[in-house]
Amino acid sequence: MSSDFQSEAALEEQFMRKLQSVGYKNIKLADEAAVLNHFREILNERNVDNLKGQKLSDVEFERVLNELVGSKSLFEIAQLLRGSDVQPYGKIVITRDDNSELYLEFFDGVDFSHNTYEVAHQITINAKYTNRYDVTVLVNGLPIAQIELKRRGTDFGEAFNQIIRYRDESYRQLFRFVQIFVVSNGDETRYFANGDGKLNANFMFYWTNQNNEWLNDIDAFTSSFFDLKRFHSLIADYTIFDNDQSRMLIMRPYQVYATEAILLQAKENPHENGYIWHTTGSGKTITSFKASRLIAQKTNAEKVIFLIDRSDLDIQTAKNFNSYLPNSSSSEPALDRTKSTRKLVEQLGSKDNSLIVTTIQKLNNAISGDRYKKLLESFHDKHVVFIEDEAHRSQFGEMRKNVNKWFQNAQHFGFTGTPIFAENVGPDGRTTETLYGKCLHKYLIKDAIRDHNVLGFSIQYLNTIKGHDVFLDGSDEVSGIKVKEAFENEDRLKMIVQHIMLNHDQITDHRRYNAILTVPDTSMALKYYHTFKELDKNNNFNVTSIFTWAANENGVREKQTGDEHPDQVDELTSRHGLDRVIDDYNAMYGTSFSTDDFKGYFADVSKRMKAHNDRTPKDNIDILIVVNMFLTGFDSPKLSTLYSDKKLKWHGLIQAFSRTNRVEQQSKPSGNIVTYRNIKKQTDDAVKLFSAGSSKYFFVPTYEDLLSQLENAIHDLHQVAPTPESVDKLHNIGDEALKDFVLAFREVLRVHNRIRVYDDFEWANLEDFTDGDMQRYRSKYSVAYEDLKRNTPEKGEKVSFLNDIDFEIELLASDQIDVQYISNLVKAIDLENAANQQADVHKIKHLLENADNPDLRLKANLINEFLDEIIPKLEPNDNVSSELSRYLANKREESVSEFSEETKLPEAVVQKQIDNYEFYGSTNSRELTKELNEIGYGFKQQISIKQRVTNFVKETLRKFVMS
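Residues numbered from 1 in each chain as written. Predicted model: local features only at pLDDT ≥ 70, side-chain atom pairs only at ≥ 80, totals over all residues. Heavy atoms only, no water.

*Asks:* I'm lost on the overall build of the protein in this one. Help?
*Replies:* In terms of regular secondary structure, the protein is built from 37 helices and 22 strands. Residues classed as buried in the protein amount to 55% of the 963 residues present. Excluding contacts between residues fewer than 6 apart, the proportion of contacts in the protein whose partners are at least 24 apart in sequence is 74%. (Helix = DSSP H or I, 4+ residues; strand = E, 2+ residues; numbered from the N terminus. Buried < 20%, exposed > 50% of the residue type's maximum accessible area, 1.4 Å probe, protein only. Contact = heavy atoms within 4.5 Å.)

*Asks:* What should I look at first to understand the nonpolar core in this one?
*Replies:* The nonpolar side chains of soluble globular proteins are, as a tendency, buried together. Judged by nonpolar contacts, the single largest core of 108 residues is most densely connected at Val64, Leu68, Phe106, Phe225, Phe226 and Phe231. A domain-level breakdown of this core finds at least three residues from each of domain 1 (8–238) and domain 2 (251–443). Excluding its chain neighbours within four sequence positions, the residues that come into contact with Phe106 are Leu43, Arg46, Leu68, Leu80, Leu81, Gly90, Lys91, Ile92, Asn140, Leu142 and Phe177. Listed in part, the 102 residues of the second largest apolar core include Tyr528, Tyr529, Phe593 and Leu707. (Core = buried A, V, L, I, M, F, W, Y, C linked by side-chain atoms within 4.5 Å. Domains from an automatic or database assignment.)

*Asks:* I tried to follow unusual backbone geometry on my own but got confused; where do I start?
*Replies:* Among all residues except glycine, the phi angle is most often negative; among peptide bonds, the trans geometry is most common. Of note in this structure, Trp650 is not a glycine but carries a positive phi near 45°. Tracing the chain through its elements places Trp650 in helix H25 (residues 650–657).

*Asks:* In this structure, what is going on with the environment of Val454? I would like to understand it.
*Replies:* Its place among the elements puts Val454 in the loop between helix H18 (445–450) and strand E17 (457–461). With 206 residues separating them along the chain, Val454 and Thr660 place their C-alpha atoms 9.3 Å apart. Sequence-distant contacts of Val454, that is, excluding residues within four places in its chain, are made with Thr280, Gly281, Ala448, Ile449, Asn661 and Val663.

*Asks:* Explain the packing of aromatic side chains here, please?
*Replies:* Any pair of aromatic rings gets described here by the distance separating the centres and the angle formed by the planes. For the structure shown, the criterion picks out 48 aromatic pairs. Ring geometry for Tyr191 and Phe205: centres 5.8 Å apart, planes at 70°, overall edge-to-face. Of the two residues, Tyr191 sits in strand E8 (residues 189–193) while Phe205 sits in the loop between E8 and helix H7 (218–225), which places them 14 residues apart along the sequence. Look at Phe745 and Tyr777: their rings are 5.8 Å apart centre to centre, the planes differ by 25°, and that puts the pair in the stacked class. One end of the pair, Phe745, is in helix H29 (residues 735–755); the other, Tyr777, is in helix H30 (residues 771–790), and 32 residues separate them in sequence. Considered together, Phe745 and Tyr777 belong to a single accessibility category, that of buried residues. Taken together, the ring pairs connect Phe15, Tyr24, Tyr117, Tyr191, Phe205, Trp207, Phe221, Phe225, Phe226, Phe231 and Tyr257 into an aromatic cluster. A cation sits over an aromatic face here: Arg511 above Phe541, 4.1 Å from the ring centre. (Phe/Tyr/Trp six-rings, centres within 6.5 Å; stacked < 30°, edge-to-face > 60°. Lys NZ or Arg CZ within 6 Å of the ring centre and 35° of its normal.)

*Asks:* Could you clarify how one ought to interpret the packing of helix H2 (residues 32–46) against helix H4 (residues 58–68) in this entry?
*Replies:* Relative placement of two packed helices is described by the angle separating their axes and the distance separating the axes. Packing of H2 against H4 brings their axes to within 12 Å, and their N-to-C directions diverge by 95°. Classified by the interaxial angle, the pair formed by H2 and H4 is roughly perpendicular. Along the contact surface, H2 presents Leu36, Phe39, Arg40 and Leu43, while H4 presents Asp58, Phe61, Val64, Leu65 and Leu68. Residues of the contact of H2 with H4, tallied by class, amount to seven nonpolar, no polar and two charged. (Axes fitted to C-alpha atoms, helices over the stretch in contact; angles between N-to-C directions. Parallel < 35°, antiparallel > 145°, perpendicular 65-115°, else oblique. Nonpolar A, V, L, I, M, F, W, Y, C, P; charged D, E, K, R; others polar.)

*Asks:* Could you clarify how one ought to interpret the sheet that holds strand E12 (residues 303–308) in this entry?
*Replies:* Where strands meet in a sheet, backbone hydrogen bonds hold them as pairs that are either parallel or antiparallel. The six strands lie next to each other as E13-E12-E14-E15-E11-E16, forming an open sheet whose pairing is parallel. Edge positions in the open sheet fall to strand E13 (355–359) and strand E16 (439–443), since each of these has one partner strand only. Between one strand and the next, the sheet's axes are offset by a mean angle of 15°, whatever the strand orientation. Bridge count for strand E11 (residues 274–278) against E16 is four bridges, and the pairing is parallel. Considered in E16, the bridge of Ile276 is made with His441. (Pairing = 2+ DSSP bridges.)

*Asks:* Sorry if this is basic, but what is going on with helix H20 (residues 490–507) here?
*Replies:* Structural remark: α-helix, 3.6 residues per turn; residues separated by three or four positions point the same way. With 18 residues, H20 should reach 26 Å at 1.5 Å per residue; the first-to-last C-alpha distance of 25 Å fits that figure. Helix geometry: H20 is bent most strongly at Met501, by close to 30°. Within H20, burial applies to Arg492, Leu493, Ile496, Val497, His499, Ile500, Asn503, His504 and Ile507. One side-chain oxygen of the residue at the start of H20 lies 2.8 Å from the amide nitrogen of Asp491, identifying that residue as Asn489. Taken from the residues just after H20, Asp509 is the one with a positive phi, measuring 55°. (Expected span 1.5 Å × (residues − 1). Bend = angle between axes of the 7 residues up to and from the residue. Polar contact = N/O pair within 3.5 Å; in protein donor to acceptor, adjacent residues only side chain to side chain.)

*Asks:* What should I look at first to understand the environment of Thr518 in this one?
*Replies:* Mapped onto the fold, Thr518 is located in strand E18 (residues 514–518). The class of Thr518 is buried, set by a relative accessible area of 0%. Excluding residues within four positions of it along the chain, Thr518 makes contact with Val626, Val627, Leu631, Leu642, Tyr643, Ser644, Asp645 and Lys646. A polar atom in the side chain of Thr518 sits 3.0 Å from the backbone oxygen of Val627.

Just distances and angles here, no functional claims.
Rendered as structure tokens:
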């Protein structure tokens, strides 16, 4: 364990010793040149047979670096490192000086022992600024993990910001291979994945043991995380590539342990099923993807079938499936979203596709009819492994029974966030355990909230029936009260809508986030919708509704009403009512949907809920009224609030609540639940059942607790800066004084952000602090932040520690229409529906026309050209992100070529100047002068062209990237 007074240097020495004890060789590498030379030596040694005694020449090594890094993104480099499913090796091909081809292997993704593991510390990189990296872990000479060590008590946000600053200032060449960052102060340790663009400090993860117990101490963390075999598996096996967003994800420990438990069961007990209980929002889909791929690669299963429920499959979910999984050998997407059963049968019969993703509905069709029975008879006895996502919903019906009868030698693995137990069992009496057998791994909601992988809940129970002591939930039998009539009373509905309208801005941080209102049935959904229309005469709120009706799918009465009013669904009224809702929707957003195109309407609603941005209020849905749709399987960090006027219980309650608790930024501290029925007992029972008897972490602090915290934070602020005006003097005193103010007011912001969601909160409840004081302090805080950004030191100057302070500026700022936002919109363009595609393109162009962000204005013409030239040519299964990257790369090459012709400078020289500026912050004047002399330019011409080169390089580095 670390001493209370352990210095950063002592912690570094302790960490280095621990790494050596688990198998890493200590190596001294002073600078970038030493790293390059060391990698070259190892590359020569690893490929001695292919090199045939002739080591790489300087020119050949330059070609190696170009193939490894070149102009590749971090995402592309990470993929290159791992190879493919079929050949999981890092390999490149170069041309030798004698024009022969040479294959070079630089990473073995199969056998961890076929790689070399080393550790170096205090590598110094001289770039725009001089950066010295604490500890670097190398695999085969490549920097793979970067570790930043801090003194005890240092804020982790500060360590995160320092790593990002290092990455942006001095990572080039082989350091672009860094896959994982680790930060530690000895007692607390976190890890996170590298990637292109902005990284979010909210996604620094704990490492744990199999029982989800934190391994925070640096020695315990190192013994487990940096164990050679484990570390290799994290790089080789437990990485996910999101091709749609061009980002790499390193799996979290519980995901790794669950995948390994499934793989072990599949290998050692192929005739026994099992299930994974991982709470909703913890990334079950990623875990199930990885498990299915590894079973397909590492076991003798004839087929691995990833089975999902069609009702969960909106367009975005389908994109996620195809984004995470590779194309089949025929280059078709992993998930075939057509209704063609024949394609599924062809996949089953093909020897090329060991992994198949399909819906339970399509598989049931294939085995139920006579058409394909003969083709599928052989599967009666073949060993097939089923991975079944959301097992609490889709696996309990007749279709599952049919699948079991047909695939008699199958093994089933289920994933669920809310298992079925005896307490919440359905009419058929089957529990998750009776269906799947043993629970192979657990990660409960209390674990996820503790680890900050999901948020806790702020719950307010509001009584809406006055004059009675009893607080009703809508199902109680109370003498003298007609319960159903009372809950559907028009005055009551108006009172609830008025409460929502009055408090919605406060609870959603001025509509930075959106909300769902859930009700018992379609009749109530329509009543609420029309009540909003009646009371919101100025259309201040964008409100809509979505639900299915009886003719649309089997079992809709149960899906829409649950146990409450199964006799109330009126098919005619429901569909006609929804048509009127959709008419209003079309008028509001310029779309053209109807119930005949319900799939398109569903997709558009889902997309708007996920793309919510407070800078584009006309495009947002503020409140979505639902019955059961969107209460399971819908993930959107922009959804923060659930208004509930229905009876919820057991898994339905946890699932509904959990729509609101996805982690986003610091401005979203909790999932907010406002319930207009008394479901406190049902809530307590559900929490107890699905948290193994513990409610710890589930609920955020009470209003009273937060009020006390806010008062204390304000007192501490006044000790540093008694008034907002007094902050000005701190700028003259120095950085330490300014730091004290930043930390004190940041705590006020943090606590206020949590207490504001409570109806009880009013500024009048505080002594000596008003809303006006808050705004004036905010202004001073923003000035401190902006001053810091403006006063970025020049090359060689000392960087202030304030540069790494986490200001959590998102607590102040609204959403921005910036390059990242537009990039996300472009990547999400609907390629399946022409009308939706046109609407998406129109929205992006409108935002570009009004852009006030300088970087965005610079790229506006490029993006518009991409929308006009490329998007119309894309097929539904094309990847917009990849196409955009390819387009920008081509345009950059064209731009370099044109500039080369204009200046007569060779393209290679121009590109080298770009690389030099990107790393060192300046062009290489000496090399440029040499080239200009050779071309024959005079002195005055050279001055002019040098300036043109600098301007071109600066613009190129800003213009042709979308991050």
